[in-house]
There are 2 protein chains.
Amino acid sequence: MAYIELPDGLPGIRALLAYRPDTARPLNDLVDVLLRGPHTLTPAERELIAASVSARNDCTYCQSIHGAIAARQLGDADDLVAQITSDPERAPISPKLKALLHIAGKTAESGRCVTAEDVARAREHGATDLEIHDTVLIAAFFCLCNRYVDGLATWTPSDPDFYRQRAKTIVDNGYTLTAIPAR
Amino acid sequence: MAYIELPDGLPGIRALLAYRPDTARPLNDLVDVLLRGPHTLTPAERELIAASVSARNDCTYCQSIHGAIAARQLGDADDLVAQITSDPERAPISPKLKALLHIAGKTAESGRCVTAEDVARAREHGATDLEIHDTVLIAAFFCLCNRYVDGLATWTPSDPDFYRQRAKTIVDNGYTLTAIPAR
């Protein structure tokens, strides 16, 4: 049971967004720019950063939903996503994405852990300033979301099918239409 | 030197906000609601949550500016703010604020660290659901800001007077007018 009285039947951050529309609006605007906006990183690459940071922070809800979204975007690739979030260096992904996931993991530990060498590695593999910036900001944003969701003990469904269904809706319609309260 | 090419002469998060206006807008909207919006917690109480979490995360820029803002709001109370951020349980503040700062510290560690007992303590001292919600969200938001600022190695001025001057501007004019790029 959540630590505060939240609207019934909504899991994870969705209950919190419904509870406080004034903070929900900027949170939804931010996730929309970071994960769905036009970008040189694919939506799946950005969702993998979100899922990896959430796994590191042990946030079941965020890890499950963003992992499910990435899997859906990659063609129901559940096993690949599990491999990437658990052992990115050995996963069949680009050297650039490996370097960005490394920066994201360091960011989740502490901003002070990210080194010039970490950034140089990403740049050697073709990462741009904007891609490095957004990797750090996506990682930092999910450090917010994970703490928000778990710090108030929101409802976390345990059935993987729940997240697969929800991922389909988000991939088809975007975050804004499915999660944001009406303005 | 920052890890990416940022506008000259802007410290901490301000350089990042100027670099990426699309993410700056929701970040500014969120900080404005959380720290400056109408609330049953005073602006100084909310700034103290921000400064305490930033101190815990060892983010010099965020800790310095939000500590300076709280000190200004409390009547140039630099010593009191230093006491609150280093040892809140022994500081001359209300039992409710102590309990909320305790929740904020747990949130910064991990959302999973916040217990029902932590929340019950705050409630016993008069905290409302909204105050508990916003304490967790402010703490989580500064876990974002601290990682964003330090993860990209932004410029951190060392002169305390820099932060005092800036704090005066923010207290007099608000965040939005002083930090947000024009829409």
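Residues numbered from 1 in each chain as written. Chains lettered and ligands numbered in written order. Predicted model: local features only at pLDDT ≥ 70, side-chain atom pairs only at ≥ 80, totals over all residues. Heavy atoms only, no water.

Draft legend 1. Spotlight on the confidence of the model for chain A. On average, residues of chain A score 94 in pLDDT, and 96% of them are at 70 or above. What the predictor reports for the complex is a pTM of 0.96 with an ipTM of 0.95. (pLDDT = per-residue confidence, 0-100.)

Draft legend 2. Here's a closer look at helix α4 (residues 60-73) of chain A. Residue and element names in this part refer to chain A. With 14 residues, α4 ought to run about 20 Å at 1.5 Å a step, and its terminal C-alpha atoms sit 20 Å apart, in line with that. Here α4 has its buried residues at Y61, C62, I65, H66, G67, A68, I69, A70 and A71. Once α4 ends, the next one or two residues include G75, with phi positive near 90 degrees. (Helix = DSSP H or I, 4+ residues; strand = E, 2+ residues; numbered from the N terminus. Expected span 1.5 Å × (residues − 1). Buried < 20%, exposed > 50% of the residue type's maximum accessible area, 1.4 Å probe, protein only.)

Draft legend 3. Layout of the interface of chain B and chain A. If you look at the interface, chain B gives 44 residues, while chain A gives 44 residues. Buried surface at the junction of chain B and chain A, both sides included, amounts to about 3700 Å², of which 65% is carbon and sulfur. Applying the counting criterion to the chain B and chain A interface returns 5 salt bridges. Across the pair R112 of chain A and D58 of chain B runs a salt bridge, and its minimum N-O distance is 3.4 Å. The tally of links between chain B and chain A comes to 22 residue pairs in polar contact (both at pLDDT 80 or more). Elements supplying a minimum of two residues to the side of chain B that touches chain A: α1 (12-19), α2 (21-36), α6 (95-109), α7 (116-124) and α8 (129-151) of chain B. Here the side of chain B that touches chain A is composed, by residue class, of 23 nonpolar, 9 polar and 12 charged. (Contact = heavy atoms within 4.5 Å. Buried area = accessible area lost by both parts, 1.4 Å probe. Salt bridge = Lys/Arg side-chain N within 4 Å of Asp/Glu carboxyl O. Polar contact = N/O pair within 3.5 Å; in protein donor to acceptor, adjacent residues only side chain to side chain. Nonpolar A, V, L, I, M, F, W, Y, C, P; charged D, E, K, R; others polar.)

Draft legend 4. Region of the structure containing the packing of aromatic side chains. Applying the stated criterion to the full structure yields 8 aromatic pairs over all chains. Between W155 of chain A and F162 of chain A, the aromatic rings sit 6.2 Å apart at their centres with planes inclined by 55 degrees, giving tilted as the arrangement. Residue W155 of chain A is classed as partly exposed on the basis of its relative accessible area of 45%. Relative to Y163 of chain B, the ring of F162 of chain B has its centre 5.2 Å away and its plane inclined at 85 degrees; by these criteria the two rings are edge-to-face. Judged by relative accessible area, which is 25%, F162 of chain B ranks as partly exposed. Put simply, the rings of Y61, W155, F162 and Y163 of chain A pair up and form one aromatic cluster. (Phe/Tyr/Trp six-rings, centres within 6.5 Å; stacked < 30°, edge-to-face > 60°.)

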